[in-house]
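For reference, the chains in residue letters:
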Amino acid sequence: MSQEFTTFDLNLASTLVSLGFELLELDRTADPRKVRFVFRQDSELGKSVENYWANNLTVSPQELFNAQKLLKNRIYSDF
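From a predicted model like this one, the values you see are computed outputs, not experimental measurements.

Definitions and cut-offs
Residues numbered from 1 in each chain as written. Predicted model: local features only at pLDDT ≥ 70, side-chain atom pairs only at ≥ 80, totals over all residues. Heavy atoms only, no water. Core = buried A, V, L, I, M, F, W, Y, C linked by side-chain atoms within 4.5 Å. Buried < 20%, exposed > 50% of the residue type's maximum accessible area, 1.4 Å probe, protein only. Helix = DSSP H or I, 4+ residues; strand = E, 2+ residues; numbered from the N terminus. Phe/Tyr/Trp six-rings, centres within 6.5 Å; stacked < 30°, edge-to-face > 60°. Lys NZ or Arg CZ within 6 Å of the ring centre and 35° of its normal. Pairing = 2+ DSSP bridges. Axes fitted to C-alpha atoms, helices over the stretch in contact; angles between N-to-C directions. Contact = heavy atoms within 4.5 Å. Parallel < 35°, antiparallel > 145°, perpendicular 65-115°, else oblique. Left-handed = near helix turned anticlockwise from the far one by under 90°. Nonpolar A, V, L, I, M, F, W, Y, C, P; charged D, E, K, R; others polar. Salt bridge = Lys/Arg side-chain N within 4 Å of Asp/Glu carboxyl O.

Engineer: A description of the nonpolar core should follow, citing residues and the corresponding values.
Structural biologist: Counting 16 residues, the largest nonpolar core has Phe5, Leu16, Leu23, Phe37, Phe39 and Leu45 as its most contacted members. Listed by contribution, the elements that provide at least two residues to this core are helix H1 (10-18), strand S2 (23-27), strand S3 (36-40), helix H2 (45-53) and helix H3 (61-77). Element by element, the count of residues in this core is highest for H1, at four residues.

Engineer: Just give me the short version of the packing of aromatic side chains, but keep the residues and values in it.
Structural biologist: Remark: the centre distance and the inter-plane angle together describe each pair of aromatic rings, the angle taken between the planes. Evaluated as defined, the whole model comprises one aromatic pair. Measuring from ring centre to ring centre gives 4.9 Å for Tyr52 and Trp53, while their planes differ by 85°; the resulting arrangement is edge-to-face. Judged by its relative accessible area of 21%, Tyr52 is partly exposed. Overall, Trp53 belongs to the exposed group, its relative accessible area being 56%. Directly above the aromatic system of Phe8 lies the positively charged group of Lys34, at a separation of 4.6 Å from the ring centroid.

Engineer: Outline the sheet that holds strand S1 (residues 4-7), supporting the account with residue identities and numerical values.
Structural biologist: In space, the three strands of this open sheet follow the order S1-S3-S2, with antiparallel pairing throughout. Strand pairing shows two members of the sheet lacking a second neighbour, S1 and S2, which therefore form its edges. Strand after strand, the sheet turns through a mean of 20° between neighbouring axes, direction not considered. The strands touched by H3 are S2 and S3; relative to S2, the strand with the most contacts, the crossing angle is about 40°.

Engineer: I'd like a rundown of the packing of H1 against H2, residues and numbers included.
Structural biologist: For any two helices packed against each other, one specifies the inter-axial angle together with the distance between the axes. One can describe the packing of H1 onto H2 by two numbers: an axis separation of 11 Å at closest approach and a directional angle of 130°. For the element pair H1 / H2, the angle class is oblique. Handedness of the crossing formed by H1 with H2: right-handed. Where H1 abuts H2, its residues Asn11, Leu12, Thr15 and Leu16 lie against Leu45, Ser48, Val49, Tyr52 and Trp53. For the contact of H1 with H2, the per-class residue count stands at six nonpolar, three polar and no charged.

Engineer: If you had to explain the pattern of salt bridges to someone new, which residues and values would you point to?
Structural biologist: Per the stated rule, a full pass over the model turns up four salt bridges. For Arg36, the salt bridge goes to Asp27, with nearest N and O atoms at 2.5 Å. Exposure remark for Asp27: the relative accessible area of 10% places this residue in the buried category.

Printed below as a string of structure tokens:
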């Protein structure tokens, strides 16, 4: 199993950050116009991703918005 989970989805990445999963890097190597969010894979991350897509997660709205703001700041300042 890979030690990393990646996604291009800002909303999913924001949710994972707000749930406390470790963001390893923002990767632009494949396409400089798109950001790939790279997370450390662990036993709970896969379950959280499945629950995200099934709409079965509860996340604090403030945590979610703060995580999204943090990621957007990193996207636009991390060149």
